[in-house]
Amino acid sequence: QANVLEFLQEQPTAAIHGLAGTGKTVLALERARRLASTGHPVLYLCFNEFLLTHLRAIAPIEHVTFHNVRTLAQELMQDDSIPIERVIPAFYEFFETTYDDSAWPWPDIVVDEGQDLSDSLIAHLADLAELYDGSFYVFYDREQYIMQQTRPAWMDTKAECRLVIYRNCRNTHEIADFISRLMGIPAERYENQIHGLPPTAFFYRDDERLVRRADQFVAQMLREGLKPENIAILTIHSVKHSHLPLDTKLAGHALSLTPEPSKLLFTSTRKFKGLEAKAVLLIDAETSRLDDPLIRRLLYVGASRAALCLEVAFYEDDADVKNRATRKADEDALCARLGLLNH
């Protein structure tokens, strides 16, 4: 990671691919800071709302403007009348057909979560950086495109300089091993040597059983010394369609839809992408859909948020057609294949 950062000092344009936990955001922030140290305005652009809020709170940097696509759209379009669900599509069209490039204020641009942006937006941003004799860097993960059907092609086909960072800096060796097995990632290049508890699996067929196990998981993490804000409950779908009711209290703590001190966060993997927690309970993964590439990517994103402790709760939606012995054999086989302990 340090070598890549030094290399970028002499490289004005680059696409940097890194798997989850390899420090893309840390490197992107440091590159933005170094660019801004010259006094030039820098745009740091990401996609997720939670990540934007987090970056603005912890990493204010002089001459760096933090935006996600939504807030950039609102600043450039200066139109508050567009419904929130239409802002981004409207912005893509506006930026492509109407925006006056001569008004662009940031010669240097750093993009985080590049896989979530449209190909046309990335290409246009690259053109603007070139137009203003600036720098342009895109940090992305080819496997984390969960916001759209396909990942943008610019990084793999148009970027003149393409770099890869491999070493996991976030997850323990055991969690990284699960991720490697899940996604078919070469373990020897990805996993670090920081060891911890093996990730566990839990299988449930009804909401009450999930609630009981979630309560036990949170209680255990609190006993281990973690604070409520160190724990995240992530659904691979949406909170509205989760098997865990929002009004549930876990170990006496209410659930919160946004990151807050002293509260348990309950949100989707999509919204939590780009962030991390010391302990993650990942829920709502249907056993009948584990071969679906999107479901596997959602599991990948959710599991890779866990720095120290991970449990995956699988919903056995196909359990009614199996007897107990068959279910247990399937559970054990899945856990063995993915490096999980069956709770």
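Structure: see above.
### Brief notes about the pattern of salt bridges
Here is step 1: For the coordinates displayed, the defined rule picks out 13 salt bridges.
Here is step 2: Of the charged contacts, one joins Arg213 and Glu311 as a salt bridge, the two residues approaching to 2.6 Å between their closest N and O atoms. With Arg213 in helix α10 (residues 207-223) and Glu311 in strand β13 (residues 306-315), the pair connects residues that are 98 residues apart, well separated along the chain.
Here is step 3: Accessibility expressed as a relative area gives 5% for Arg213, which makes it buried.
Here is step 4: Using a relative accessible area of 1% as the deciding quantity, one classes Glu311 as buried.

### Some details on the packing of aromatic side chains
Here is step 1: As enumerated under the stated definition, the model contains twelve aromatic pairs in all.
Here is step 2: A centroid spacing of 6.0 Å and a plane angle of 65° characterise the contact between Phe94 and Tyr99, whose relative ring orientation is edge-to-face.
Here is step 3: Judged by relative accessible area, Tyr99 falls into the buried class, the value being 12%.
Here is step 4: Plain terms: the ring middles of Phe95 and Trp104 are 5.9 Å apart, the flat faces sit at 55° to each other, and that makes the pair tilted.
Here is step 5: Grouped by ring-pair contacts, the aromatic residues Phe91, Tyr92, Phe94, Phe95, Tyr99, Trp104 and Trp106 constitute a single cluster.
Here is step 6: We note Arg189 situated over the ring of Tyr166; from NZ or CZ to the ring centre the distance is 3.6 Å.
Here is step 7: The residue whose ring lies beneath Arg297 is Tyr145, and the NZ or CZ to ring-centre distance is 3.9 Å.

### Brief notes about the environment of Glu96
Here is step 1: When you line up the elements, Glu96 lands in helix α5 (residues 87-97).
Here is step 2: Considered as a pair, Glu96 and Leu121 are 25 residues apart in the sequence and their alpha carbons are 7.6 Å apart.
Here is step 3: Setting aside its immediate chain neighbours within four residues, Glu96 contacts Ser120 and His124.

### Observations concerning the sheet that holds strand β2 (residues 42-46)
Here is step 1: Ordered in space as β3-β2-β4-β5-β1-β6, the six strands form an open sheet in which the pairing is parallel. Lying at the two open borders of the sheet, with one neighbouring strand each, are β3 (64-68) and β6 (162-165). Averaged over all pairs of adjacent strands, the angle between their axes in this sheet comes to 15°, without regard to strand direction.
Here is step 2: In the sheet, strand β1 (residues 13-18) pairs with strand β5 (residues 136-140) via five bridges, with the strands oriented parallel. Bridge pairing in β5 links His17 to Tyr140.
Here is step 3: On top of the sheet, helix α3 (residues 49-58) reaches β2 and β3; it is set at about 160° to β3, its chief contact.

Conventions and cut-offs
- Residues numbered from 1 in each chain as written.
- Predicted model: local features only at pLDDT ≥ 70, side-chain atom pairs only at ≥ 80, totals over all residues.
- Heavy atoms only, no water.
- Salt bridge = Lys/Arg side-chain N within 4 Å of Asp/Glu carboxyl O.
- Helix = DSSP H or I, 4+ residues; strand = E, 2+ residues; numbered from the N terminus.
- Buried < 20%, exposed > 50% of the residue type's maximum accessible area, 1.4 Å probe, protein only.
- Phe/Tyr/Trp six-rings, centres within 6.5 Å; stacked < 30°, edge-to-face > 60°.
- Lys NZ or Arg CZ within 6 Å of the ring centre and 35° of its normal.
- Contact = heavy atoms within 4.5 Å.
- Pairing = 2+ DSSP bridges.
- Axes fitted to C-alpha atoms, helices over the stretch in contact; angles between N-to-C directions.

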